[in-house]
Amino acid sequence: MCLLANQNCAALMGTTPAALVGTKLGARLDPAMAERILESDRRAMESAEPITIEEDITFPDGEVRTFASVKFPVSVGEQEPLGICAISTEITAQRSAEADRARFMEELKTRNEELEAFNYTVSHDLKGPLLTINGFVGFLEKDIAESNVEKIRQDTKLIAGATAKMAALLEDLLELSRVGSVQSTPADVPLDQVVAEALTRIKGRLEASGASVSIQPESPVLHCDRERFIEVFQNLIENAAKYMGDQPEPWIDIGVREGDGGVIYFVRDNGIGIDPRFHDEVFALFGRLDTTIEGTGVGLAIVQRVVSLHNGRVWVESEGVGKGSTFCFTIQTAGDRARC
Ligand code: ADP
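Residues numbered from 1 in each chain as written. Predicted model: local features only at pLDDT ≥ 70, side-chain atom pairs only at ≥ 80, totals over all residues. Heavy atoms only, no water.

### Topic: the overall build of the protein
- The secondary structure content of the protein amounts to nine helices and 10 strands.
- Its C-alpha radius of gyration of 33 Å places the protein more than 25% over the 20 Å reference for a compact globule of 340 residues.
- Along the first, second and third principal axes, the C-alpha set of the protein runs to 110 × 60 × 35 Å.
- By residue count, 35% of the 340 residues in the protein fall in the buried class.
- At a minimum sequence separation of 6, the contacts of the protein that also span at least 24 residues come to 57%. (Helix = DSSP H or I, 4+ residues; strand = E, 2+ residues; numbered from the N terminus. Rg over C-alpha atoms; globule rule 2.2 N^0.38 Å. Buried < 20%, exposed > 50% of the residue type's maximum accessible area, 1.4 Å probe, protein only. Contact = heavy atoms within 4.5 Å.)

### Things to note about the sheet that holds strand 2 (residues 64-74)
- Read from one edge of the open sheet, three strands run 1-2-3, paired in antiparallel fashion. Strand pairing shows two members of the sheet lacking a second neighbour, strand 1 (51-58) and strand 3 (83-90), which therefore form its edges. Geometrically, the sheet is characterised by an average inter-axis angle of 35° between neighbouring strands, direction not taken into account.
- Relative to strand 3, strand 2 runs antiparallel, the two being bridged by eight bridges. Within the sheet, the bridge partner assigned to phenylalanine 67 lies in strand 3 and is glutamate 90.
- Helix 3 (residues 31-47) rests against strand 1, strand 2 and strand 3 of the sheet, and its axis sits at about 170° to strand 1.
- Running over the sheet, helix 4 (residues 92-145) touches strand 1, strand 2 and strand 3 and is turned about 125° from strand 2. (Pairing = 2+ DSSP bridges. Axes fitted to C-alpha atoms, helices over the stretch in contact; angles between N-to-C directions.)

### Some points on the packing of aromatic side chains
- This model, assessed by the stated rule, comprises six aromatic pairs.
- For the pair phenylalanine 233 and phenylalanine 329, a centre-to-centre distance of 5.6 Å together with 65° between the ring planes defines the contact as edge-to-face. Of this pair, phenylalanine 233 sits in helix 8 (residues 226-242) while phenylalanine 329 sits in strand 10 (residues 325-330); the two residues are 96 residues apart in sequence, bridging distant segments of the chain.
- Look at phenylalanine 233 and you get buried, because its relative accessible area is 1%.
- Above the ring of phenylalanine 59, the side-chain terminus of arginine 65 is found at 5.5 Å from the ring centroid.
- Of note, arginine 268 hangs over the ring of phenylalanine 266, and the distance from its end group to the ring centre comes to 4.4 Å. (Phe/Tyr/Trp six-rings, centres within 6.5 Å; stacked < 30°, edge-to-face > 60°. Lys NZ or Arg CZ within 6 Å of the ring centre and 35° of its normal.)

### A few points about the pattern of salt bridges
- Scanning all chains against the criterion turns up 19 salt bridges.
- Between lysine 71 and aspartate 41 there is a salt bridge whose closest N-O contact spans 2.7 Å. One end of the pair, lysine 71, is in strand 2; the other, aspartate 41, is in helix 3, and 30 residues separate them in sequence.
- A relative accessible area of 19% means that aspartate 41 is categorised as buried.
- Among the ionic pairs, glutamate 175 bridges to arginine 178, the shortest N-O distance being 2.6 Å. In this pair, glutamate 175 and arginine 178 both sit in helix 5 (residues 149-181), three residues apart, roughly one turn of the helix. (Salt bridge = Lys/Arg side-chain N within 4 Å of Asp/Glu carboxyl O.)

Here it is, written out as structure tokens:
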């Protein structure tokens with residue numbers, strides 16, 4: 001029974017000190033919760049020493065608050081303790097800040113590891129063209145000394161090629177970093193509009209490939225960053241055209257299908273296909289399966305970044321080489337409105 005309570009204690013119980021005195025504190029709490037508090041009160045009684053505990057108390061409105069309490073027995077003279085006195089300080093905000101901090105540190109650690117891996121890959125791949133340039137500058141000096149005009153032409157051509165490769169790599173890397181840093185507010189955009197814009201931007205290359213493109217007539221609405229998703233379709237459709245091989249009747253099919261977790265958007269082609277062993281590798285930064293075909297290996301990393309910023313997932317389905325590929329993705333945004 002409560003013999004004395006201050007304003008704060010009474011306010012916590014949703015009452016006044018006068019109303020609290022003479023009643024059981026636990027009567028205002030859930031029985032299991034009250035029993036837990038009583039149990040620590042008993043421990044304080046029996047210990048004859050102050051005890052310090054941290055308690056999570058669930059209040060009748062369901063709110064859980066954390067308290068650091070010192071409980072100590074109260075006795076008159078040498079007599080057995082009459083009861084306990086508890087002094088509690090609320091530490092809910094402190095505990096929540098600590099949990100946030102721990103989560104933040106964990107996230108930071110993961111990001112640092114990703115950044116380290118990224119730095120390694122970038123420096124490694126940027127070194128390739130630099131080594132080529134360096135090597136051919138050496139040959140160039142020798143060929144100039146010998147006045148070998150034909151070789152000088154070849155050297156400069158290879159140096160120009162490596163420079164262009166490096167410029168393309170840097171351009172794509174810049175785009176990849178922009179994807180993570182510049183974001184506009186998501187908006188509702190019909191899929192066919194996004195695809196139409198992507199097709200306009202790659203018109204020339206698409207026509208050169210001779211591939212026929214079909215889009216499913218029903219067009220759901222994506223809740224997304226419009227510009228980024230134009231880029232996603234641009235990358236996927238461009239790849240579909242680029243990796244056609246010698247397919248005599250190339251086609252690209254763009255559409256949606258229902259999956260377990262909602263709508264799946266896809267770009268399907270009847271091109272060279274991808275061995276299932278490399279289905280993950282193609283999404284890695286600079287992950288390329290055929291280095292004889294022009295490219296930087298950054299396109300699918302950009303697609304993956306955009307999709308994951310929309311809380312989605314991207315993957316490829318292909319039975320293997322020569323069997324065509326289907327690149328699929330899901331997206332989820334606030335309220336999951338992308339699941340049309
Ligand atoms: P890039 O096309 O510049 O090499 P991407 O990141 O766009 O870079 O693609 C990575 C790799 O995935 C490509 O080099 C290719 O080997 C493979 N790939 C991508 N799209 C397809 C596709 N539609 N069919 C077959 N292979 C593909």
